[in-house]
Amino acid sequence: MLFNVSVIALMCLTFFAEEFVPAVEIAQNARLFLAPVFFFCAAVAVPFPTMLMLAFMTGFVWDARYAQLIAEDKAMEQLAQVSSVGGYGGFSTGLSGSGLGFGYSIIMFGVLGCLMQGIRPLFKKGRWELPVFMVGFVTIVWLLVQFIIITFLRGDVFFPQEVWLKMVSDTLMAMLASPLIYLVLHTLARATNYEIKYEGLRYRFDGS
Amino acid sequence: MKTLNLIALLLFIAASVAVFMLDTPTTRTVQSKVMAIFAPFMHASATVENTTSRAIAEDIDPKELLRETEALRLKVQKLTILSQRHDELLEENNKLRNMIGYRERSPFKDLIACRVIKRSAATWWSTLIIDKGSADGVAPDRAVLTDVGLVGKTGKVSPHVSEVILLTDELCRVAAVIDGTREKGILSGERGSLENTPDLRLRFLSRNAPIAPGTNVISSGDGGVFPSGLLLGRVKLFENKDISGEALVETAVDFTKLEDVFVVGSSATPP
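These numbers come from a predicted model, not from an experiment.

From N to C terminus, chain B includes three helices and twelve strands. Considering chain B as a whole, with its 271 residues, one finds that 44% of them fall into the buried category. A separation threshold of at least 6 residues defines the contact pool for chain B, and within that pool the share at least 24 residues apart is 59%.

Here you go:
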């Protein structure tokens, strides 16, 4: 219980710490997304209900802080239709709205958290290789899905090289940070007497 | 599945649906409140960033600094004189406008000077944070400009900080006109252009429009958010697409050197 509460408190702190994380200009302003990466790591260490709670919290705060809510711009849509191309019958520009909706991240984090839960048995055994790889995998999936949804909403498929470079750089940074986060979680688990490591045939708490 | 897990999953789905059902004003209020909580951390991180960059910056020759100060002093004096002259002309202009029955005055009367704190840490959006908020009169969807041209528009606003969606972001769309022509289009950034100052796309122009590279692109005022006559950029290239023309536009504002910007206040009415 104490471990779960501590993880939730740490999760809140990562959002504030995220403000201090600088961008890497040479890699298309890629950066370490500390709060999401912490969530992906914590999703392996906590039980399913706590993971869902963390997913909701992370998604909600992430959207509240970063999501762009753009109101329907009817005047702009009209302008596009009556401009020179209006002579061709007028059509929707697909430009109105097109920001990701508020709450979308909650679902994303929930689904990706479930994926991370799948490797709990391995993590309990103290194996960090796959969990670190999985953090990279879910990070790139998270970014890719975001970009695909934006692309889908705005109507044209567009994947420049810079996008791939940014996604790969963000993912690598997430993978570099994840062992440290796992170390913090393990230390916290030891301090709070929460058992997430597999010890032969006996473990006091299986996390479910 | 265990009962506890099932209950947790159902609660999660119910809470997510509840969040999706929130209307835009409510979510904007939530975002504003969250921005207010994060504001002290944004200020602190900007301070840390500035201190670090100053610490690692090269030493400046004091003589060079002195020369620069002198040059700046002269420039300030010159600008003060120009500014006074400008104010007089503005006043005279407004009087004349009143005399001939114009209802509105210059839309740039109510400008809120803001300092850029930092670039935002979002995933795919080009945004930055400024040090003024609703307490200073900043409202969402207000034009943000410099003396050079348009920077973007305000997005989320909290009492003491606000987010600016840059002109280079695909979400910031401006109705624009090619200077000296009747060619109107919509100017926006390109998705995935992640450099600091990417080129913009001016869409929905006429095919075969006679647009020469180097021509200024200015805001037309349509749409209501951006006042007309703001310099947006210069045409780099014009190309014909399937059913319309499209121009590649170089931004007028250098987004890498943005330090101070102005937000058009709520009392300014766009023409």
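Sheets are built from strands that pair by backbone hydrogen bonding, the pairs being arranged parallel or antiparallel. Residues and elements named next belong to chain B. Spatial strand order, β6-β7-β8-β11-β10-β9: six strands in a closed barrel with antiparallel pairing. Here the strands of the sheet are splayed against their neighbours by 40 degrees on average, with no regard to which way each runs. Examined bridge by bridge, strand β10 (residues 231-240) and strand β11 (residues 245-251) share seven bridges and lie antiparallel to one another. Within β11, the position partnered with V235 by the bridge is V249.

What follows covers the sheet that holds strand β3 (residues 143-145) of chain B. Residues and elements named next belong to chain B. Spatial ordering of the closed barrel is given by β1-β2-β5-β4-β3-β12, a layout of six strands whose pairing is antiparallel. Mean inter-strand twist for the sheet, computed between neighbouring axes without regard to direction, equals 45 degrees. With four bridges connecting them, strand β4 (residues 150-157) and strand β5 (residues 162-166) associate as antiparallel partners. Note that in β5 the partner of V157 across the bridge is S162. Helix α2 (residues 24-56) contacts β1 (111-119), β2 (127-130), β4 and β5 of the sheet and is inclined by roughly 70 degrees relative to β1.

For the structure shown, the criterion picks out five cavities of 30 Å³ or more. Reported here for the second largest cavity is a volume of approximately 60 Å³. A:D63, A:A67, A:L100, A:Q146 and B:W125 are the residues nearest the centre of the second largest cavity, which is lined by ten residues in total. Secondary-structure elements contributing two or more residues to the lining of the second largest cavity are α3 (48-66) and α5 (104-117) of chain A. In terms of residue class, the lining of the second largest cavity is built from six nonpolar, three polar and one charged.

Okay, a nonpolar patch on the surface next. Residues and elements named next belong to chain A. A cluster of nonpolar side chains, namely L115, L130, F133 and F137, defines an oily patch on the protein surface of about 360 Å² accessible area. Ranked by residue count, the leading element in the nonpolar patch is helix α7 (residues 129-154), at three residues. Assignment of secondary structure puts F133 in helix α7. For F133, a relative accessible area of 49% corresponds to the partly exposed category.

This next bit is on the packing of aromatic side chains. Residues and elements named next belong to chain A. Overall, the coordinates contain 13 aromatic pairs over all chains when judged by the stated rule. Their ring planes at 10 degrees and their centres at 4.1 Å tell us that F3 and Y194 sit as a pair that is stacked. Here the residue F3 occupies a position in helix α1 (residues 2-18), and Y194 occupies one in the segment after α8 (161-191), the gap between them amounting to 191 residues. For the pair F3 and Y194, one class covers both residues: buried. One aromatic cluster is present, built from ring pairs that chain together F33, F39, F40, W62, Y66, F109 and W142.

Rules and cut-offs
Residues numbered from 1 in each chain as written. Chains lettered and ligands numbered in written order. Predicted model: local features only at pLDDT ≥ 70, side-chain atom pairs only at ≥ 80, totals over all residues. Heavy atoms only, no water. Helix = DSSP H or I, 4+ residues; strand = E, 2+ residues; numbered from the N terminus. Buried < 20%, exposed > 50% of the residue type's maximum accessible area, 1.4 Å probe, protein only. Contact = heavy atoms within 4.5 Å. Pairing = 2+ DSSP bridges. Axes fitted to C-alpha atoms, helices over the stretch in contact; angles between N-to-C directions. 1 Å grid on protein atoms, 1.4 Å probe; cavity = no way out; pocket = protein on both sides within 12 Å on 5 of 7 lines; lining within 4 Å. Points joined across faces, edges and corners; volume = space filled by probe spheres on them. Nonpolar A, V, L, I, M, F, W, Y, C, P; charged D, E, K, R; others polar. Patch = residues over 30% accessible without salt bridge, like charges linked within 9 Å, V, L, I, M, F, W, Y side chains within 5 Å. Areas by Shrake-Rupley, 256 points an atom, 1.4 Å probe, with all protein chains shown as cover. Salt bridge = Lys/Arg side-chain N within 4 Å of Asp/Glu carboxyl O. Phe/Tyr/Trp six-rings, centres within 6.5 Å; stacked < 30°, edge-to-face > 60°.

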